[in-house]
Structure formats: structure tokens, C-alpha cells
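Each chain, letter by letter, is given below.
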Amino acid sequence: MMVSIALPKGRLGNKAYSILQKCGYTVSELMDDSRKLVFENAESGVRYFLVKPSDVAIYVEYGAADVGVVGKDVLIESGADVYELLDLGIGKCRMCVAAKEDYVEDTGRATVVATKFPRVARDYFMATNREIEVIKLYGSIELAPLLGMSDVIVDLVETGTTLKENRLKVTEEIFSVSARLIANKAAYKFKENEIREIVARMKEVTGK
């Protein structure tokens, strides 16, 4: 039975495919310079879809893909109702609150937060009993506090270099991020053996 796998386009997708390749789920043309978005290998029993990273969890939740590889940040932000099967240990970074180096929180008013992750920001600040006003941005989040548009940002931090270069600092760490293998709930029921086999092979390759 064919298993459909949603992979994020870009570096994370390439890393995930490398793991799947080592597991024996190879589709040779996937690494070719092609504009195709669907790749299939009947012998390996897999079909790959290449999608925007922020869409992987949605494709899996709605059953367009049986399983997918998605960052924990995207998974939490999407709120997708899926099974989380395995931490792949790739794409590691941290979800953090960051601010200007001289920032002091004013507890007498709502904190203005610029972020690509409004759900994450609201949930975190609500859990710490703080009121916030969210500004959703799609580009360089670091600009917002520098231009006085926000007090803080909530964003992914990998090395921290970009923050330092812009005289920003991490003030709080929300959670650690890495890529996860997720599954559609119905697909997991009907293709349990095939999906379990993928998980077992990936565990062996990643040492998880």
C-alpha cells in the first residue's frame, strides 16, 4: 500500500529526504533540478509531495498526505490534529522571546509582541499571566523592536548571531524545536503496518 509523505521544500526537506533515503525509501528524481511537486516510487511504496513548510501539517491533517515532516514550531502554531510519531533530531533551534539589550518589561500595560507565531506567543504569555498585543509579521521580525513598533519578538533562534548583530537578546526560551514525523489519524489506522515500518526504519537510522 502506497504511503504519501509531505516534505517541506528547502533545507529541512532535503535533510528529511536524506534520512528516508537511508531507510530505503528512495525516489531518485527527487533530488534532480525539477519543478515537479509529486514524486513516486512504486517499488519503495512511497509518494512524496513537496510543499511549503508552513503547510505540511495541514496537508497531513486533511489527509492529502499520510505522513509528513514538520518543525515543532509549525506543528504547534498550526494546531493541527495529527499524531506526532517521532522526533527526527534535525532542524534544531529554539522558540524564544527576544528584545533590545536594554529592554525592561513594563508590567503595567500589555506587552506588544511582533511574531510569525501568534498562537505560540498568545499561549505562552497567557500561561505566564501577561497581557499582550500581537503584531503578525512575515519578514524580518528583528526590525520591529528596533523601530519601536514592538516591545519584544517571539521567533526562532538558531545561533543567535542575527540577534547580536541587531543588538537584541533572548529574554525567555519558550521551547526547543526540531523536525517531527507526523501522521494523519485516519491514515495511521488504515496504513498502520506501512507507517510503523517507516517509523521503525527512521528510528534505526536516526538512533532515536
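Conventions and cut-offs
- Residues numbered from 1 in each chain as written.
- Predicted model: local features only at pLDDT ≥ 70, side-chain atom pairs only at ≥ 80, totals over all residues.
- Heavy atoms only, no water.
- Salt bridge = Lys/Arg side-chain N within 4 Å of Asp/Glu carboxyl O.
- Helix = DSSP H or I, 4+ residues; strand = E, 2+ residues; numbered from the N terminus.
- Buried < 20%, exposed > 50% of the residue type's maximum accessible area, 1.4 Å probe, protein only.
- Pairing = 2+ DSSP bridges.
- Axes fitted to C-alpha atoms, helices over the stretch in contact; angles between N-to-C directions.
- Contact = heavy atoms within 4.5 Å.
- Core = buried A, V, L, I, M, F, W, Y, C linked by side-chain atoms within 4.5 Å.
- Arc of directions from axis to C-beta.

Thoughts on the pattern of salt bridges
The full count for this structure, using the stated rule, is 14 salt bridges. One salt bridge connects lysine 72 with glutamate 84, and the closest N-O pair in it is separated by 2.8 Å. Pair noted here: lysine 72 is in helix α3 (residues 72–78) and glutamate 84 is in strand β5 (residues 83–87), with a separation of twelve residues, a long-range link. For lysine 72, a relative accessible area of 18% gives the class buried. Accessibility expressed as a relative area gives 38% for glutamate 84, which makes it partly exposed. A salt bridge links arginine 196 to glutamate 192; the shortest N-O distance between them is 2.8 Å.

A short note on the sheet that holds strand β3 (residues 46–51)
Ordered in space as β2-β3-β1-β4-β11-β5, the six strands form an open sheet in which the pairing is mixed. Of all strands in the sheet, those bounded by a partner on one side alone are β2 (38–41) and β5. Adjacent strand axes in the sheet meet at a mean angle of 25°, parallel and antiparallel pairs treated alike. Pairing analysis gives four bridges linking β5 to strand β11 (residues 179–183), with the strands arranged antiparallel. Along β11, the bridge assignment pairs glutamate 84 with isoleucine 182. The sheet strands contacting helix α1 (residues 11–22) are β1 (3–8), β3, β4 (67–71) and β11, and the helix crosses β1 at an angle near 145°.

Description of the environment of methionine 2
Following the sequence through the fold, methionine 2 ends up in the segment before β1. In sequence terms methionine 2 and aspartate 66 are 64 residues apart; their C-alpha atoms lie 9.4 Å from each other. Look past the residues within four positions of methionine 2 in its chain and what remains in contact with it is Glu40, Asn41, Ala42, Gly45, Val46, Arg47, Asp66 and Lys191.

Looking at the sheet that holds strand β9 (residues 152–157)
Spatial ordering of the open sheet is given by β8-β7-β9-β6-β10, a layout of five strands whose pairing is mixed. Two strands lie at the open edges of the sheet, namely β8 (132–136) and β10 (168–177), each paired on one side alone. Taking each pair of neighbouring strands and ignoring which way they run, the sheet shows an average axis angle of 30°. By the bridge criterion, eight bridges tie strand β6 (residues 93–100) to β10 in an arrangement that is antiparallel. Bridge pairing in β10 places lysine 100 opposite leucine 168. Along the sheet face, helix α4 (residues 118–127) touches β6, β7 (111–115), β8, β9 and β10 and points at about 170° away from the line of β8.

Considering the nonpolar core
Formed by 28 residues in total, the largest nonpolar core has its most connected members in Ile5, Leu7, Tyr48, Leu181 and Met202. Elements represented by at least two residues in this core include exactly β1, α1, β3, β4, β11, α7 (185–190) and α8 (192–206). The residues contacting isoleucine 5, other than those within four sequence positions of it, are Leu20, Val46, Arg47, Tyr48, Phe49, Ala65, Val67 and Ile198. Of all hydrophobic cores here, the second largest spans 16 residues; its members include Tyr103, Phe117, Tyr124 and Val152.

Things to note about α4
Residues of α4 that are buried: Pro118, Val120, Ala121, Tyr124 and Phe125. Buried residues in α4, looked at end-on, bunch into an arc of 160°, giving them a common side. Of the exposed residues in α4, the ones pointing more than 90 degrees away from its buried face are Met126 and Ala127. Where α4 is buried, its residues contact α3, β6, β7, β8, β9 and β10.

Here's the deal with the environment of valine 97
Inspection of the secondary structure assignment puts valine 97 in strand β6. Expressed as a C-alpha distance, the spacing of valine 97 and tyrosine 59, which sit 38 residues apart in the sequence, is 29 Å. When sequence neighbours within four positions are dropped, the list of residues in contact with valine 97 reads Tyr124, Phe125, Val152, Ile153, Val154, Lys169, Val170, Thr171, Glu172 and Ile174.

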